[in-house]
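# Residue-level structure breakdown
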Amino acid sequence: MVKKEMNYSEFVEVYEGLYATTKRLEKETILAGFLNKLAKEGEPEWIYLLRGKVTPDYDDRLLGISDKLTIKAIAFAFGIRDTEIMKSYRKVGDLGELAEEFAGKKKQTNLFAKRLTVSKVFNNFRKIMGIEGKGAVSGKTALIAELFGNATGKEAKYIARTLVGQLRVGVADATVRDAIAEALFPDEKKEMSVKIEVAYDMANDLAVVFEAASKGKKALEKIDIVLGRPMNVMLPVKVTEIKEAFRICGKPAAIEHKYDGFRVVINKVGNDVSLFTRRLENVTKQFPDVVRTVKKYVKAREVILDSEVVGYDPKTKTMRPFEAISQRIRRKYDIEKLERDLPVEVNVFDVIYYNGKSLMQEALTKRRKVLEKIIPHEKWKIRPSMQIVTDSEEKALEFYKEALKLGEEGIMVKNLNANYQQGRRVGYWVKMKPAANDLDLVITGAEYGSGKRGGWLTSYIVACQSNGDYLDVGKVSSGLKELEQEEGTTYAEMTKLLKPLIESEKGKVVRVKPKIVVSLTYQNIQGSPTYNSGFAMRFPRITHYRPDYHLKDIATLDDIKIEVKRAQKGMSHLG
Ligand code: ATP
């Protein structure tokens, strides 16, 4: 069958529909109707466009065109002076609407413009992403201008928003997955939603999952993890009592130290080692020491390991908290010096793939056996995570207290029979740590300081997630450092991180693209009309900047509601 060319306007209709409602089920119905058609008439890869992307999630190249370049392309496409556009931009404040305005005017006079097809838009986006080096700016401008030149007002709006990485249609990953199930397996929607999620966690590629799902259940079940590619990790639920931990994980259970470092998934294929964070970022270059250690000590030809990389003080030989080594994830220069000053130890707690075979479906006991066979105890280099297996609450509690005494965060309790389940916090792993009232949130706004803090963004609006949207829960100005000599992130560094993300400015207050994740502590959370989440934190304080965290790792509105309830009940935190 020869496929009919699909027009980009069909996507635009979906975007508009999604934008018009905040109800998840309505979004799902709109998506499902469209996906049905896309499966028959489109290319699987076009599904990325629904998330404002043209690549799979594991690909860390972003379209990320700057506002400036987009404005230039609008000027070029419609033959308008930059200054005139800037004037409108200041008034409208949104690039999408700006592009819509100019394309709308132009369209009336340009009757010969071609209909924009999805393949044209998709291919130009891909080309834009690939252009580098000399002539990149003019090359990109021409490709964008070509799209604008043939776009209707509404089409131009969504082209601009996709380019700057701000589609703003409010669709969570889970909604897209449920919509695929509804579109392609309407009679077994619930069961297939789970299968789609499992397949997605392995492939990290919406197009691969969508294509397989279009072929049927069997094709979907065949999707497996791919060696050498970043993958989603298994995550725990939180408990406050050891009893609850055993109730969830069964008896006996494996109990491990919860190390205060950051998660690294290690891939080894022969002599080729790559390292990924839990937000799928490749950090191999930042950790040549870990690469060497893995090559030297791990006794496996092909392997995927799950681990916590922890920093230690080379002089005193004591563990250091996450914040001390977090700069190793971010820094791309002076690597050798960092390696010397901030050495790390790899604590391996799982093995997911071993010499040609996925171990994902195997029980933890079996995976642990393989782990102990291939990971030696090389203190300050690499070792299996500290683990006991017990059914005694007393022993577990003792282990917990010991872990805290050693400066660890707490413990992880794991179900011995459970397979490795990516992503979902299904309850085969639990974490227990002292009450800290902490949350991971994303920065959505900030305010410039005054006096000696002038020029820096020194207080930050932070938000949780709710169905693909970000809802503010408070404003925080303490926790960061003034001076570079102090350990931890400084106001100057945070300002540097936030400035390129600024979307609008009003006096001293800016709104920023949600990207920078921070961990915070607070005294309590209360219902409050001040923020659009309906909640506000009291006395918040930033404890860490989390460059290793993804937006999907931040607290949800439901997490916050649970915290509020927990506090109201005054639940105890020790077993
Ligand atoms: P919190 O918000 O409570 O500080 P967190 O930042 O530690 O949580 P979670 O996802 O809640 O993140 O906790 C799981 C994390 O604990 C894992 O992602 C991993 O990085 C870390 N961890 C440390 N030790 C272990 C271990 N032995 N097994 C599994 N994960 C471990």
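Residues numbered from 1 in each chain as written. Predicted model: local features only at pLDDT ≥ 70, side-chain atom pairs only at ≥ 80, totals over all residues. Heavy atoms only, no water.

## Examining the packing of aromatic side chains
By convention here, two paired aromatic rings are described through the distance between centres and the angle between planes. According to the stated counting rule, one finds 11 aromatic pairs in the structure shown. Taking the centre distance of 6.2 Å and the plane angle of 50° together, the rings of F11 and Y15 count as tilted. Here Y15 and F11 lie together in helix α1 (residues 8-20), a separation of 4 residues that amounts to about one turn. Looking at F11, the relative accessible area reads 0%, which means it is buried. Ring centres of W456 and Y491 lie 6.3 Å apart, and the angle between their planes is 20°; this geometry places the pair in the stacked category. Taken as a pair, W456 in the loop between β12 (438-448) and β13 (457-466) and Y491 in helix α20 (residues 491-498) lie far apart in primary sequence, 35 residues in all. For W456, a relative accessible area of 22% gives the class partly exposed. The class of Y491 is buried, set by a relative accessible area of 1%. Three or more aromatic residues link up through ring pairs in this structure, and these residues are Y8, F11, Y15, F34 and Y158. For K251, the ring lying beneath its charged end belongs to F246, and the centroid distance is 5.3 Å. R278 extends its terminal NZ or CZ atom over the ring of Y549, reaching a point 4.2 Å from the ring centre. (Phe/Tyr/Trp six-rings, centres within 6.5 Å; stacked < 30°, edge-to-face > 60°. Helix = DSSP H or I, 4+ residues; strand = E, 2+ residues; numbered from the N terminus. Buried < 20%, exposed > 50% of the residue type's maximum accessible area, 1.4 Å probe, protein only. Lys NZ or Arg CZ within 6 Å of the ring centre and 35° of its normal.)

## Quick look at the nonpolar core
Grouped together as the largest cluster of nonpolar side chains are 91 residues, with contacts concentrated most on F11, I47, F125 and F148. Among the elements that make up this core, the one with the highest residue count is helix α3 (residues 67-78) (7 residues). Setting aside its immediate chain neighbours within four residues, F148 contacts T70, A73, I74, A77, F78, A99, A156, I159 and A160. Ranked by size, the runner-up nonpolar core spans 33 residues in total, among them L439, Y448, Y460 and Y491. (Core = buried A, V, L, I, M, F, W, Y, C linked by side-chain atoms within 4.5 Å. Contact = heavy atoms within 4.5 Å.)

## Here's the deal with the site of the ligand
The local shell around the ligand holds 19 residues, among which K258, E308, K431, K433 and Y549 are the closest. Within the side chain of K433, an N or O atom sits 2.6 Å from an oxygen atom of the ligand. D440 is positioned with one of its side-chain polar atoms (N or O) 3.2 Å from an oxygen atom of the ligand. In isolation the ligand offers 620 Å² of accessible surface; the protein chains occlude 93% of this area. Counting residues per element, the ones that place at least two in the shell around the ligand are β2 (253-258), β10 (410-415) and β11 (429-432). No other element matches the 3 residues that β2 contributes to the shell around the ligand. Along the lines of polarity and charge, the residues of the shell around the ligand split into 7 nonpolar, 1 polar and 11 charged. (Near = heavy atom within 4 Å. Polar contact = N/O pair within 3.5 Å; in protein donor to acceptor, adjacent residues only side chain to side chain. Areas by Shrake-Rupley, 256 points an atom, 1.4 Å probe, with all protein chains shown as cover. Nonpolar A, V, L, I, M, F, W, Y, C, P; charged D, E, K, R; others polar.)

## Quick word on the confidence of the model for the protein chain
Summarising the model, the protein chain shows a mean pLDDT of 90, and 96% of its residues fall at 70 or more. pLDDT under 50 marks residues 571-575. Its contacts with residues more than four places away, or in other chains, come to 14 contacts. (pLDDT = per-residue confidence, 0-100.)

## A closer look at the environment of I223
On the secondary structure map, I223 appears in the loop between α12 (217-221) and β1 (237-239). Sequence-distant contacts of I223, defined by excluding residues within four places in its chain, comprise A199, M202, A203, V208, V209 and A212.

## Notes on the layout of surface pockets
Each pocket or cavity is described by its volume, and for the second largest pocket that value is around 210 Å³. D67, K68, I71, K72, D82, M86, Y89, R90 and G93 together form the lining of the second largest pocket. Elements with a contribution of two residues or more to the lining of the second largest pocket: α3 and α4 (82-92). (1 Å grid on protein atoms, 1.4 Å probe; cavity = no way out; pocket = protein on both sides within 12 Å on 5 of 7 lines; lining within 4 Å. Points joined across faces, edges and corners; volume = space filled by probe spheres on them.)

## So, the pattern of salt bridges
One pass over the full model with this rule turns up 46 salt bridges. Note that E28 is salt-bridged to K189, the shortest N-O span being 2.7 Å. Taken together, the residues span a long stretch of sequence, with E28 in helix α2 (residues 24-41) and K189 in helix α10 (residues 189-203) at a distance of 161 residues. Of the residues examined, E28 reaches a relative accessible area of 3% and is grouped as buried. Given a relative accessible area of 26%, K189 falls into the partly exposed group. (Salt bridge = Lys/Arg side-chain N within 4 Å of Asp/Glu carboxyl O.)

## A closer look at the side chain of T175
For T175, the location among the structural elements is in helix α9 (residues 173-184). On the accessibility criterion, T175 (2% relative accessible area) is buried. Once you skip the residues sitting within four places of it in the chain, T175 turns out to touch R24, K27, E28 and L31.

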